[in-house]
Amino acid sequence: MNRIVAVLGRGLVPADTPLLRADDLGAVRGDGVFETMHVRAGAPWLLDEHLARMINSADRLDLDLPPVTDMIELARQACAAWPDTEEGALRLVCTRGPEDGGPPTVYATLAPVSPKLKTYRAGGVTVATLPLGVTTHARTPAPWLLGGVKSVSYAMNMACQRWAVRNGYDDALWLSTDGYALEAPTSTLLWQVGGELLTTPTSTGVLAGTTARFVLDHAGEVGLTAGEKLVTPAELLASQGVWLASSVRGLVEVTAIDGAALPSAAKTRVLQDLVRYPV
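The notes below deal with the structure included here. Residue positions are counted from 1 within each chain, in the order its sequence is given. Local features are withheld for residues below a pLDDT of 70 in this predicted model, meaning they are given only at 70 or higher, and side-chain atom pairs are given and counted only at 80 or more; totals for whole chains, interfaces and linings count all residues. Side-chain numbers here rest on the full set of heavy atoms in the structure, without hydrogens or water.

**Comments concerning the nonpolar core**
Line of reasoning, step 1. The term nonpolar core refers to a set of buried residues drawn from Ala, Val, Leu, Ile, Met, Phe, Trp, Tyr and Cys, joined through side-chain atoms within 4.5 Å. Categorising residues by exposure relies on relative accessible area from a 1.4 Å probe, with only protein chains included: less than 20% of the type maximum marks a residue as buried, more than 50% marks it as exposed, and the intermediate range marks it as partly exposed. Formed by 24 residues in total, the largest nonpolar core has its most connected members in V33, L90, L92 and L110.
Line of reasoning, step 2. Numbering of helices and strands runs from the N terminus, with a helix taken as a DSSP run of H or I at least four residues long and a strand as a DSSP run of E at least two residues long. At the level of secondary structure, the elements contributing two or more residues to this core comprise β1 (4-7), β3 (32-40), α2 (47-60), α3 (68-80), β5 (88-95) and β6 (105-112).
Line of reasoning, step 3. It is α3 that provides the largest number of residues to this core, a total of five residues.
Line of reasoning, step 4. Should any heavy atoms of two residues lie within 4.5 Å, those residues are considered in contact. If we skip the residues at most four places from it in the chain, L90 touches E35, T36, M37, V39, P44, A75, A78, C79, A108, T109 and L110.
Line of reasoning, step 5. Membership of the second largest hydrophobic core comes to 19 residues, among which are A219, L224, W243 and A245.

**Details of the environment of G133**
Line of reasoning, step 1. As for its placement among the helices and strands, G133 is situated in the loop between β7 (125-131) and α5 (155-166).
Line of reasoning, step 2. Spatially, the C-alpha atom of G133 lies 6.3 Å from that of S176, the residues being 43 residues apart in sequence.
Line of reasoning, step 3. Residues within four places of G133 in sequence aside, it is in contact with L175 and T177.

**Here we look at a nonpolar patch on the surface**
Line of reasoning, step 1. Patch construction takes residues with relative accessible area above 30% that form no salt bridge. Like charges are linked within 9 Å, and nonpolar side chains (Val, Leu, Ile, Met, Phe, Trp, Tyr) are linked within 5 Å. Residue burial considers only the protein chains on display, and all accessible areas are found by Shrake-Rupley using a 1.4 Å probe. The term salt bridge refers to a side-chain nitrogen of Lys or Arg lying within 4 Å of a carboxyl oxygen of Asp or Glu. Where nonpolar side chains cluster on the molecular surface, the patch consists of I55, V68 and I72 and spans about 190 Å² of accessible area.
Line of reasoning, step 2. For I55, the position within the fold is in helix α2.
Line of reasoning, step 3. Assessed through its relative accessible area of 30%, I55 is described here as partly exposed.

**Comments concerning unusual backbone geometry**
Line of reasoning, step 1. Positioned with a positive phi, A41 is a non-glycine residue whose angle comes to about 50°.
Line of reasoning, step 2. Here A41 lies in the loop between β3 and β4 (43-44).
Line of reasoning, step 3. The phi angle at D62 is positive, at roughly 55°, despite the residue not being glycine.

**A short note on the packing of helix α6 (residues 210-217) against helix α8 (residues 268-275)**
Line of reasoning, step 1. Lines are fitted to the C-alpha atoms to define the axes, a helix being fitted only along its stretch in contact, and any angle between axes, read from their N-to-C directions, falls within 0 to 180 degrees. Relative orientation of the contacting elements α6 and α8 amounts to 110°, with a least axis distance of 10 Å. It follows from the interaxial angle that α6 and α8 lie roughly perpendicular. Relative to α8, the crossing made by α6 is right-handed. Residues T211, F214 and V215 of α6 pack against L271, L274 and V275 of α8. In what follows, roughly perpendicular refers to angles from 65 to 115 degrees, roughly parallel to angles under 35, roughly antiparallel to angles over 145, and oblique to any angle outside these ranges. Should the near helix be turned counterclockwise from the far one by less than a right angle, the crossing is left-handed, whereas a clockwise turn marks it as right-handed.

Set out below in structure tokens:
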């Protein structure tokens, strides 16, 4: 299936249609926000939750986001052209628009989920820990660091993933300077200790994961309680399971950290069943 593109106020356009001016601040400064969500049975999963997070990100950037009803309609237009039988990745984007002023640039793209991401669901991922350069308490009192904001400034995130892949890993896991695991460049960290399913507190500046939140909210259905805690890599290695949760990849098991293998997690399949991504 080819990529679908829809533009706010214009509807569906050919995928090769130029969308940005050369001075669009999303392109020249990374000034904008976005959300990516899984499309299943022809509809975006957790759309309301993603839009709520997008609104929060826009507020943090003092960015005027269109009304929620307009964003819902934009998502609907893109999904209407997508086959119900195929999973997809829907991205909603809002930039600040032209450098000399004007309305924000708002559009949606919808594309197939890459085969590599699908293989991670069944086979898991290995991760390398990389220092993020901040303490666990640095970003909350410094809102200009944009902790918890999903902006289009993703160059560092992608650089971390490329470094990990070049060095024989599948993904990266960011560490604070005081030694705690935070999150991956494009996903949320989850782990199990006894009967508890845990994630990193958002007070550290990590992005509030929508897929991870769904899993935590439904943890009781698989015999677990949910909580938040700081964790070191050594503690992760001693846990009963470690996972990364993201909107397109779904829930994937972490099989090794910095080359140290983790035992197979007994709860992987039942947790994946909660989110219902094809495995």
